[in-house]
Amino acid sequence: MRLLTARLSANRRSRFAGPVVMLLALLVTGGFYTLLSPAQAEDSASRTDDVAKGRELFLVGCSSCHGKNGEGVDSQAEGWYGPSLVGVGAAAVDFQVGTGRMPMAAPAAQAPVKKIVYSEEEIGQLAAFVASLGPGPAIPEAEQYDPETIPEDEREEAIVRGGEFFRTNCTACHNFAGSGGALPGGKYAPTLIGVDPVHIYEALVTGPQQMPVFSDEVLRPEEKRDIIAYLQSLEEQPAYGGNAMGSFGPVSEGMFAWLVGIGSLVGFAIWIASHTARSTKKGIHP
Amino acid sequence: MTDVVHPAGSDGHGRHQEIAETTGDPIADPGLPVHQPRPTDVDPRAEKRAERQIATLFGLSSLMAILFCVAYFAFDVGSEPDVVLGMGASNVALGLTLGLALLFIGIGVIQWSRKLMTDTEIVEMRHPLRSSDADREETIAALTTGANDSGIARRPLIRNSLLGAMGALALPAVVALRDLGPLPGDVLYKTVWREGMRVVNDVSGTPIKPEWVRVGQLINAEPEIFFNGEPYGEETIEGHEQLVEKTKAAIIVVRMQPDDITPIAERENWGVDGILAYSTLCTHVGCPISLWEQQTHHLLCPCHQSTFDLADNGKVIFGPAARALPQLPLAVDDEGYLIATSDFEEPVGPSFWERG
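These notes cover the structure that comes with them.

Conventions we followed
- Residues numbered from 1 in each chain as written.
- Chains lettered and ligands numbered in written order.
- Predicted model: local features only at pLDDT ≥ 70, side-chain atom pairs only at ≥ 80, totals over all residues.
- Heavy atoms only, no water.
- Buried < 20%, exposed > 50% of the residue type's maximum accessible area, 1.4 Å probe, protein only.
- Helix = DSSP H or I, 4+ residues; strand = E, 2+ residues; numbered from the N terminus.
- Pairing = 2+ DSSP bridges.
- Contact = heavy atoms within 4.5 Å.
- Buried area = accessible area lost by both parts, 1.4 Å probe.
- Salt bridge = Lys/Arg side-chain N within 4 Å of Asp/Glu carboxyl O.
- Polar contact = N/O pair within 3.5 Å; in protein donor to acceptor, adjacent residues only side chain to side chain.
- Nonpolar A, V, L, I, M, F, W, Y, C, P; charged D, E, K, R; others polar.
- Axes fitted to C-alpha atoms, helices over the stretch in contact; angles between N-to-C directions.
- Parallel < 35°, antiparallel > 145°, perpendicular 65-115°, else oblique.
- Disulfide = S-S within 2.5 Å.

Residue and element names in this part refer to chain B. Most of strand S4 (residues 218-223) sits out of view: six of its six residues are buried. Here S4 runs beside strand S5 (residues 251-255); their pairing, made up of four bridges, is antiparallel. Bridge assignment links Ala221 to a residue of S5, and that residue is Ile251.

The structure is reproduced here in structure tokens:
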């Protein structure tokens with residue numbers, strides 16, 4: 001022990017002690033600096049990286065319809081084969097690819113929701129690439145779309161307000177209960193029940209397919225969030241009047257009335273008119 | 001029944017002779033088939049069983065009626081209702097019990113008539129519809145006597161004053177229902193839109209700048225006077241009047257690529273950089289429509305599938321609507337917000353006779 005102390009103190013007094021301490025201090029400072037401060041530099045490097053990786057994914061999975069640089073493919077006869085993606089923004093990519101709508105399996109009137117093909121990381125890279133093509137709406141932050149961020153005492157008010165916006169702006173296509181509806185030519189407004197809040201928000205700001213755009217300046221982010229809160233309250237509500245049959249209104253209810261209601265009435269009519277069992281024994285009563 | 005003819009097959013020979021002898025109905029009335037009794041008619045045990053069965057059905061019905069009353073008080077309704085299988089327990093229980101109570105009575109009654117009530121076939125002959133001559137004469141005599149006794153023919157004063165009283169009874173009806181009038185005047189031709197009225201987002205009342213509106217955007221908009229009447233030197237329209245005026249003044253503001261729009265000559269300056277405004281009232285029967293396909297520029301009415309092309313002056317391209325959708329001319333004010341430059345140039349909503 002004594003020997004060790006002696007050696008250490010000897011080293012401390014060495015002429016290299018100063019430079020070594022300096023070097024250590026620099027390393028520590030540099031280490032902390034790398035850890036804490038230069039996030040920006042690294043971020044921008046990784047963003048460039050994301051754009052490059054996204055471009056690779058895009059060339060393989062998307063370019064056959066949207067063109068190699070996202071400029072779109074115009075078929076002379078029938079308009080856009082795949083529309084231009086310049087300026088649609090990261091939000092459009094996150095919505096279309098994140099719900100499985102894109103890539104489409106085949107050209108159709110509308111892209112249906114299906115199994116998601118890309119991983120979350122890959123969707124981020126694709127979004128970064130498409131966002132680099134031109135300015136467009138970014139993927140929203142949680143406080144913009146998540147009703148969980150509404151303080152508890154304001155929630156009820158928010159739901160009521162959201163209901164008003166919903167009935168004014170959304171019900172024409174998506175039905176009074178958000179269960180969707182038909183459009184001409186094989187198109188349809190999809191159900192809003194069970195849709196991720198972030199995807200509802202992204203659909204509002206980007207206007208996918210036939211859906212109109214609802215920009216943040218006109219329908220403000222908190223108003224969009226209220227609409228989402230209202231939709232969630234619809235999901236939580238029990239079907240007070242009994243089985244809602246998908247909330248499709250007269251379509252499903254009328255079908256039930258015709259098939260089950262009138263069907264069972266016909267069954268009763270047949271039963272009433274059918275012959276009862278007869279006996280071959282001689283009757284006691286005349 | 002007097003000229004009974006034996007069926008042709010019953011007597012193999014001598015067909016021709018029989019026909020020669022036939023007078024009256026050539027085809028025999030086969031009469032009623034032999035009545036076959038039911039098991040409950042011949043077997044007392046079956047009869048008892050049927051009786052018990054029917055009584056049980058009626059008993060079950062009573063039970064359901066009692067259960068209805070129990071369910072009525074047992075399940076909570078209101079803001080926090082009891083729930084069963086994701087449905088309101090009260091409604092489900094009330095519907096089921098009442099429905100089953102009625103169904104059991106129905107099944108019981110039918111079983112009763114099928115199994116126990118007599119079912120021997122009977123014949124009931126048709127009767128002539130005309131009353132007998134005696135009845136007819138008696139009726140006419142009674143009417144004549146009544147007319148003579150009341151003296152209605154002899155006393156025209158009473159008859160006429162009675163007719164007058166009956167006519168006067170129409171007056172209370174006219175007075176009570178007079179608020180169906182007066183005639184609408186020009187309210188069918190006018191809305192609250194006017195020159196300089198700002199276009200604001202419905203519900204929030206946010207005024208709109210053109211640069212906030214993206215291509216493909218749809219805004220359900222209203223005139224600002226429903227939210228703030230001050231800039232127009234008037235009171236904000238509220239309450240019942242607001243409901244009435246809001247229905248007529250509701251518009252949708254949409255933005256398309258300016259190249260896609262084909263305005264007719266006098267509407268060339270009715271839009272702002274591809275932003276156009278149309279009435280939301282379908283010209284067929286007035287359903288509110290905002291079902292807009294941003295890629296095709298078609299606006300669809302969900303009621304009867306009328307379809308309007310908003311890039312082509314609101315022209316009807318499908319469905320029962322007869323008139324194009326009324327367009328509201330737009331401009332931008334000093335502060336850069338969207339305003340109307342006048343009211344609609346034609347009545348909004350469904351067509352009516354006086355429009356010709």
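Continuing now.
Before going further, it helps to examine the interface of chain A and chain B. Each partner contributes to the interface: chain A provides 45 residues, whereas chain B provides 46 residues. Buried surface at the junction of chain A and chain B, both sides included, amounts to about 3900 Å², of which 58% is carbon and sulfur. Inspection of the region where chain A meets chain B yields three salt bridges. Arg278 of chain A serves as the salt-bridge partner of Asp119 of chain B, at 2.7 Å between the closest nitrogen and oxygen. Taken together, chain A and chain B are joined by 23 residue pairs in polar contact (both at pLDDT 80 or more). Of all the elements in the fold, those that place two or more residues in the side of chain A that touches chain B are helix H8 (152-169), helix H9 (171-174) and helix H12 (250-273) of chain A. Looking at the side of chain A that touches chain B residue by residue, the classes come out as 21 nonpolar, 16 polar and eight charged.

Our focus in this paragraph is the packing of H8 of chain A against helix H11 (residues 221-236) of chain A. Residue and element names in this part refer to chain A. Where H8 meets H11, the closest approach of the two axes is 7 Å, and the angle between their N-to-C directions is 100 degrees. With respect to H11, the axis of H8 lies roughly perpendicular. Residues Ala158, Ile159, Arg161, Gly162, Gly163, Phe165, Phe166 and Arg167 of H8 form the contact with H11, whose own contacting residues are Glu223, Asp226, Ile227, Ala229, Tyr230, Leu231 and Ser233. Among the residues forming the contact of H8 with H11, the class breakdown is eight nonpolar, three polar and four charged.

Okay, the state of the cysteines next. Residues and elements named next belong to chain B. Overall, the coordinates contain one disulfide over all chains when judged by the stated rule. Two residues share a disulfide in this structure: Cys287 and Cys303, whose sulfurs sit 2.1 Å from each other. Measuring the twist about the S-S bond at about -110 degrees, one finds the Cys287-Cys303 disulfide to be left-handed. With Cys287 in the loop between strand S6 (275-279) and strand S7 (291-293) and Cys303 in the loop between strand S8 (298-300) and strand S9 (307-309), the pair connects residues that are 16 residues apart, well separated along the chain. A relative accessible area of 15% places Cys287 in the buried class. Since its relative accessible area comes to 36%, Cys303 is described here as partly exposed.

On their own, these measurements won't tell you what the molecule is for.
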